[in-house]
Amino acid sequence: MSGAAGCQGGGGGDDDDRGPRWRRPWKLLALGLLSASSVLAAAPGAGAMSKEEKRQLGNQVLEMFDHAYRNYMEHAYPADELMPLTCRGRVRGQEPSRGDVDDALGKFSLTLIDTLDTLVVLNKTKEFEEAVKKVIKDVNLDNDIVVSVFETNIRVLGGLLGGHSVAIMLKEKGEYMQWYNDELLHMAKELGYKLLPAFNTTSGLPYPRVNLKFGIRHPEARTGTETDTCTACAGTLILEFAALSRFTGTSIFEEYARKALDFIWEKRQRSSNLVGVTINIHTGDWVRKDSGVGAGIDSYYEYLLKAYVLLGDDSFLERFNTHYNAIMRYISQPPLLLDVHIHKPMLNARTWMDSLLAFFPGLQVLKGDIRPAIETHEMLYQVIKKHNFLPEAFTTDFRVHWAQHPLRPEFAESTYFLYKATGDPYYLEVGKTLIENLNKYARVPCGFAAMKDVRTGSHEDRMDSFFLAEMFKYLYLLFADKEDMIFDIEDYIFTTEAHLLPLWLSTTNQTIAKKNTTTEYTELDDSNFDWTCPNTQILFPNDPMFAESIREPLKNVVDKSCPRGISRVEESLGSGPKPPLRARDFMASNPEHLEILKKMGVSLIHLKDGRVQLVQHAVQAASSLDAEDGLRFMQEMIELSSQQQKEQQLPPRAVQIVSHPFFGRVVLTAGPAQFGMDLSKHKAGTRGFVATIKPYNGCSEITNPEAVKEKIALMQRGHCMFAEKARNIQKAGAIGGIVIDDNEGSSSDTAPLFQMAGDGKNTDDITIPMLFLFNKEGNIILDAIREYEAVEVLLSDKAKDRDLEMENMDQKLSENDSHRQNSEEATSAFQDVGEVSEEPEEERSDVVDPDSLAPVNADSDSISISNQDSYVPEPDEASAPEPTCTQGDNQPQVQKTETEPNSKVNWDNKVQPMESILADWNEDIEAFEMMEKDEL
């Protein structure tokens, strides 16, 4: 949820009752942006979107917001969040725990508070006034509940301050909020005091969690034992805490936030000027030593630059520019942004990127570094065009690493700021695509549902508060003209949650002495204080196609190429040391490679069954640098092993209800079968009405073939092999089959995704598609049959576009014939639909199934490394759902091959089995293992 601040160009030297704005050496920010209209006027040939189309898209955003907000208020309020698939509120403690994700929930009507200033941005002032009254009347901040300090700060404290900022603005205008007497500010101050106990550490870094009622030290607090926090968690406080101090005149909040920032700066890695992801709050030691601009660090960098904009302290700009230079030197590998090690920044720490880095192009706009912003944004847009949404994580060759998408707003945010900076209508088209995808794939009758898997289009029963706080705000501002706004957005800065803080705070209640408390800066010259908000007259002199010329080489970067960033070490091979051995390059038959492993302290152990185990002992390495290279090699090998396992899995399939009143809006995640029609090779899928067979277990000849013929058969799991069920329904004339789990209450929420195995015989005779649904998902279809009788579904490899033509026709019929009654029936039917969600792949465990239901991660499979001469599945084969790009004949590939447990393998062969069991790990390796388990 990181966000880039708006480029604040207005204000100049005008005075008001709060004092002059921008009267400092740092008024260099006032260069500002030309308005988009002036840029477009200068570039009439740029294919500008018509004003009418912009207005229509803006109205569409308003309608989408109304749909989400209305359903939250009707079905969820006063709960923290809406569960859009089951049309109810998410109350912490009443739903199954989602781990750290639930730390954002504090029983304080989170979504309503997070949405307050969005209502004003979208010109919904009456709704805003009603919402403020509800917050004042209903919200209780004194709950006995443990919450995230970071999330509570950016969402709740930021939401209250943003609401207060626009409330006093409306009151000054004289039409609305005349009754308002700083009630939201009083609540913000109360919450600020409740967060302060978290800062009771010797370092000044806050604990990651705090009990709203009992703080940290109280026996009933149930927190205060943590030792680590993320850099962003401790470094994303200064805007909200300083604003609270400036609004109230109470300096303690700003003091605590500054102390935390000062400590992180002092603990940066001095040779690289980078910071790690996780830090010990007591000792200041880096726990995770990888560094990037995504999850765990992102908004720390953002708040350094924005603290300079809001507070006018030059030291924040110095720190930001020092970090930024390091980012562009080590992490930026255009168009990629790859994590590196803080001690050896020329070595990548990951082979994948997370979606939170999508905020960074927007921050680069504020910095004024436009070219890399355009490049990274275009790369991300190409990924979105391939998957409809940005996956939570994707590899450097643009395959899905984590398939979820919780409707994050960071890409929309960067799109808005790039349009502000360039005036290029291309970014309006990008915004239009985002709107279309949200309506087509995420919209459900009770709001907008997060994507459980972008590959299949399946949904998760989740609509986070930041979706309303940020997504609609940025999309509306993208299409709005200045005359569409009731106030000047340039008078405010956006927090990381897109809450609005007024710029006049920079000259109000300055209780903190602006002294340079940092030491040992890198040597800075005047360029370190270059203008930050880009002026289009400087950026694009007489060349309105400048941005297009940067984007053009990246148009096909996802579909037609697999770029591999060249490390700085590889660029300097002629003069520098030889680059370390990478796991992807390792060949066990190469004596030189074996010697390098020995030098890195990595030994090969030949097990009795012919397998080989890799073990590293750092103390046996030739030097500390070699030990670090070995550490990286082992971590890379783990990632390669994990990656190859995922590549060989059959991916999940989709069961999509396409009949009235669903029209494709309900998508269920289904387990695939190892036999029958391969849906990945039949893009149209199999569509038909469903019918329950007799006998229901499908283990003998079907007795109601007339009901099953040319339909998709529903049957119960158990009593016989899956292949036998498939043969029986195929003989009865069914065109497909869905097996429903007989284990009452089973759900993809809690169980790993399985694929149905054959019966050990030749299954080529089975030609129809077979899919598996857990009990909870299967009951959704059974309930729909009871309600509507005729239910049509689509079996496919991923969800298809909704049937808009049939939906429109149905709507017209409904309008002519009892529209209200049919709408109520559709709503009540959907309320009966169960929640459909699953845990991320990384958190699944394998379960042996008595029905020969094979887990996706089969234990009988072992890891092997082969070179290019070995067989590699083609992209369209079932075993490789995501295309694999190769760099050349000498590039090894990691693949999974089924082997007998006692098979003997010779290391001289080209295909070498390798056991991924690694022993005798030191603390650093344990830290690396955490990277795979991190929640974004």
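For every chain, the first residue of the written sequence is number 1, and numbering continues from 1 along that sequence. Two thresholds apply to this predicted model, a pLDDT of at least 70 for residue-level local features and 80 or more for giving and counting side-chain atom pairs, whereas whole-chain, interface and lining totals are computed over all residues. Only hydrogens and water are set aside; all other atoms, that is, all heavy atoms of the structure, feed into the side-chain values.

A. Examining the state of the cysteines more closely. The term disulfide is used for any two cysteine sulfur atoms that are within 2.5 Å. One pass over the structure, following the stated rule, counts three disulfides. The side chain of Cys-87 participates in a disulfide bridge whose partner is Cys-446; the two sulfur atoms lie 1.9 Å from each other. Between Cys-87 and Cys-446 the sulfur-sulfur dihedral comes to about 100°; the bridge is accordingly right-handed. Here Cys-446 lies in the loop between strand S15 (443-444) and strand S16 (447-448) and Cys-87 lies in the loop between strand S1 (81-83) and strand S2 (88-90), a separation of 359 residues in the sequence. Only protein chains enter the area calculation, which uses a 1.4 Å probe; residues under 20% of their type maximum are buried, those over 50% are exposed, and those in between are partly exposed. Taking the relative accessible area as the measure of exposure, Cys-446 reaches 2% and is therefore buried. At a sulfur-sulfur separation of 2.1 Å, the disulfide partner of Cys-230 is Cys-233. A helix here means a DSSP run of H or I that spans at least four residues, while a strand means a run of E at least two residues long, and both kinds are numbered starting from the N terminus.

B. Summary view of the sheet that holds strand S6 (residues 278-280). Across the sheet, three strands lie side by side as S5-S6-S7; this open sheet has antiparallel pairing. Either end of the sheet is taken by a strand with one partner, and the two such strands are strand S5 (228-230) and strand S7 (286-288). Looking at each pair of strands side by side, their axes are set apart by 35° on average, direction ignored. We call two strands paired when DSSP finds no fewer than two bridges between them. In this structure, S5 lies alongside S6, joined through three bridges in antiparallel fashion. Looking at the pairing, Asp-228 lines up with Asn-280 of S6. Only the stretch in contact is used when fitting a helix axis, every axis being a line fitted to C-alpha atoms; angles between N-to-C directions are given from 0 to 180 degrees.

C. Quick peek at the confidence of the model for the chain. Residues with a pLDDT of 70 or more make up 72% of the chain, whose mean pLDDT is 79. Per-residue confidence from the predictor is reported as pLDDT, which spans 0 to 100. We call two residues in contact when some of their heavy atoms are within 4.5 Å. The model gives residues 561-576 a pLDDT under 50, and that stretch makes 27 contacts with residues more than four places away or in other chains. Under a pLDDT of 50 for its full length, residues 931-936 has, in the predicted model, 23 contacts with residues more than four places off or in other chains.

D. Quick look at the nonpolar core. The definition of a nonpolar core used throughout is a set of buried Ala, Val, Leu, Ile, Met, Phe, Trp, Tyr and Cys residues joined through side-chain atoms within 4.5 Å. The biggest cluster of nonpolar side chains holds 179 residues, and the ones touching the most others in it are Phe-128, Ile-238, Leu-438, Phe-448 and Phe-472. Of the residues forming this core, the biggest block, 12 residues, is contributed by helix H5 (residues 149-173). In this structure Ile-238 touches Ala-243, Glu-254, Ala-257, Arg-258, Leu-261, Tyr-303, Ala-307, Leu-311 and Phe-316, once residues within four positions along its chain are discounted. One finds Val-666, Leu-668, Leu-773 and Tyr-788 within the second-largest nonpolar core, a separate group that totals 22 residues.

E. The packing of helix H12 (residues 360-367) against helix H14 (residues 410-422), seen in detail. The geometry of H12 relative to H14 is characterised by a closest axis approach of 7 Å and an angle of 30° between their N-to-C directions. Relative to H14, the element H12 lies roughly parallel. The two elements H12 and H14 meet at a crossing, and its hand is left-handed. Of the residues in H14, those touching H12 at Phe-360, Pro-361, Gly-362 and Val-365 are Ser-414, Phe-417, Leu-418 and Ala-421. For the contact of H12 with H14, a count of residues per class yields six nonpolar, two polar and no charged. In this scheme, roughly parallel covers angles under 35 degrees and roughly antiparallel covers those over 145, while 65 to 115 is roughly perpendicular and the rest are oblique. Here a crossing is called left-handed whenever its near helix is offset anticlockwise from the far helix by less than a right angle, and right-handed whenever the offset is clockwise. Residue polarity is assigned by list, with Asp, Glu, Lys and Arg as charged and Ala, Val, Leu, Ile, Met, Phe, Trp, Tyr, Cys and Pro as nonpolar; anything else, Gly included, falls into the polar class.

F. Representation of the sheet that holds strand S12 (residues 352-354) within the structure. Sheet architecture is open: three strands sit in the order S12-S13-S14, paired in antiparallel fashion. At either margin of the open sheet sits one strand with a lone partner, and together these are S12 and strand S14 (400-402). Neighbour-to-neighbour, the strand axes of this sheet turn through a mean angle of 30°, independent of strand direction. Judged from the two bridges that link them, strand S13 (residues 393-395) and S14 form a sheet pairing that is antiparallel. Within the sheet, the bridge partner assigned to Phe-394 lies in S14 and is Val-400.

G. The arrangement of the packing of helix H9 (residues 252-266) against helix H10 (residues 298-311) in detail. Across the interface, H9 lies against H10 with an axial gap of 12 Å and an inter-helix angle of 130°. In terms of axis orientation, H9 runs oblique to H10. As H9 packs across H10, the resulting crossing turns out to be left-handed. Residue-level inspection shows Glu-254, Arg-258, Leu-261, Ile-264 and Trp-265 of H9 in contact with H10, the latter providing Tyr-300, Leu-304 and Leu-311. The class makeup of the residues in the contact of H9 with H10 is six nonpolar, no polar and two charged.

H. Summary view of unusual backbone geometry. Going from Tyr-77 to Pro-78, the amide bond is cis rather than trans, its omega being 10°. In this fold, Pro-78 is placed in the loop between helix H2 (51-75) and S1. A cis amide bond links Pro-334 with the next residue in sequence, Pro-335, at an omega value of 0°. Of note, Pro-335 is situated in the loop between strand S9 (332-333) and strand S10 (336-337). Even without glycine at this site, Lys-107 takes up a positive phi of about 60°. Position of Lys-107 relative to the elements: it lies in the loop between S2 and helix H3 (110-121). Located in the positive-phi region is Glu-789, a residue other than glycine, with phi close to 65°. Looking at the element boundaries, Glu-789 is found in the loop between helix H24 (775-788) and strand S30 (792-796).

I. Expanded view of the pairing of S30. Of all the five residues making up S30, five are buried; the element is thus mostly covered by neighbouring parts of the structure. Residues Glu-792, Leu-794 and Ser-796 point to one face of S30 and Val-793 and Leu-795 to the other, with burial holding for every one of them. Sheet topology note: the strand S23 (residues 653-657)/S30 ladder contains four bridges and is antiparallel. Bridging across to S30, Gln-656 finds its partner in Leu-794. In the sheet, strand S25 (residues 686-692) pairs with S30 via four bridges, with the strands oriented antiparallel. When the bridges of S30 are listed, Thr-686 appears paired with Leu-795.

J. Just the side chain of Asp-481, in detail. Inspection of the secondary structure puts Asp-481 in the loop between helix H16 (465-479) and strand S19 (492-494). Engagement of the side chain of Asp-481 in a polar contact is seen with the side chain of Lys-54, the distance being 3.0 Å. Ignoring anything within four residues of it in the chain, the contact list for Asp-481 reads Lys-51 and Lys-54. Side-chain atoms alone can form a polar contact between residues adjacent in sequence; in general such a contact is a pair of N or O atoms within 3.5 Å, and within protein one must be able to donate a hydrogen while the other accepts it.

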